[in-house]
Amino acid sequence: MPERPIILPGEFIENRKGRKLGRNVYSEGEKVFSKILGIPKVMENEIDVIPLAGKYMPIVGDRVIGIVREVEVSGWVVDINSPYFAFMPLAESVDEFVDTLRTDLSRFYDIDDIIFCKISKVTKNKVVQVSMKDPLSRKLYGGVIIRVTPSKVPRIIGKAGSMINLIKNKTRCEIITGQNGVIWIKGENKAKAIEAILTIEKESHIIGLTEKIDKLLSH
């Protein structure tokens, strides 16, 4: 199978020609170079590089899967698979009025609960806040979670959800993908779904991957 080109840090990608620059590239005059090891993404209006590895860096608006690590007086500390923990304030997660002096917040979310939430704030000092005030946000019950390289998530989802829908249909699993590289899977054939997702992560630079995954799931 032909592979997509892999570019090294400092390697020349293309001339800018008025295009927007992504976070993983830099320019010297008109020339654009890569900051990281990855796959060049050269589009009509943007030049960037998709990293091959790395931790998740929070961006406001991202939907992520987090694990509650601590219950505090006014909210929860959440592990979002990033160098930074996130804080989920009470006001961003519970609609009813709660008297914090009399209420144990673990009745809403407890340690080790898995939540699908949204990044609502990232400060300059990397203080991260998450929120459940989003139509898709919810607590996830049962199932298993796996972690993949966050930059591979778009490849796992596929164009307009094509790849993830293929896996869901063939394995009869409910699958939720967090942009932080955490994926929650629940259903009939979890093992097959995990095998497919990990294959995509490993071989994301290979062209013709959809056919390979279809074949893998058909056995």
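Let me sum up the structure you'll find in this document. (Residues numbered from 1 in each chain as written. Predicted model: local features only at pLDDT ≥ 70, side-chain atom pairs only at ≥ 80, totals over all residues. Heavy atoms only, no water.)

## Here we look at the sheet that holds strand β5 (residues 38-42)
Spatially, β2-β6-β5 is the arrangement adopted by the three strands of the open sheet, whose pairing is mixed. Whereas interior strands pair on both sides, the edge strands pair on one side only; in this sheet they are β2 (20-21) and β5. Sheet topology places β2 next to strand β6 (residues 46-51); two bridges connect them, and they run parallel. Bridged to L21 within β6 is I47. (Pairing = 2+ DSSP bridges. Helix = DSSP H or I, 4+ residues; strand = E, 2+ residues; numbered from the N terminus.)

## Focus on the pairing of strand β10 (residues 114-122)
Moving residue by residue along a regular strand, the side chains alternate between the two faces of the sheet. For strand β7 (residues 63-71) and β10, the ladder comprises five bridges, and the chain directions are antiparallel. Across the sheet, residue G66 finds its bridge partner in β10, namely I115. As judged from the three bridges shared by β10 and strand β12 (residues 138-140), these two strands associate in the antiparallel manner. Within the sheet, the bridge partner assigned to I114 lies in β12 and is L140.

## Some remarks on the packing of helix α2 (residues 162-171) against helix α4 (residues 209-218)
As a packed pair, α2 and α4 sit with axes 10 Å apart at the nearest point and diverge in direction by 10 degrees. One way to sum up the angle between α2 and α4 is to call them roughly parallel. Note on element contacts: α4 touches α2 through L209, T210, I213, D214, L217 and S218, opposite M163, L166, I167, K170 and T171. In terms of residue class, the contact of α2 with α4 is made up of six nonpolar, three polar and two charged. (Axes fitted to C-alpha atoms, helices over the stretch in contact; angles between N-to-C directions. Parallel < 35°, antiparallel > 145°, perpendicular 65-115°, else oblique. Contact = heavy atoms within 4.5 Å. Nonpolar A, V, L, I, M, F, W, Y, C, P; charged D, E, K, R; others polar.)

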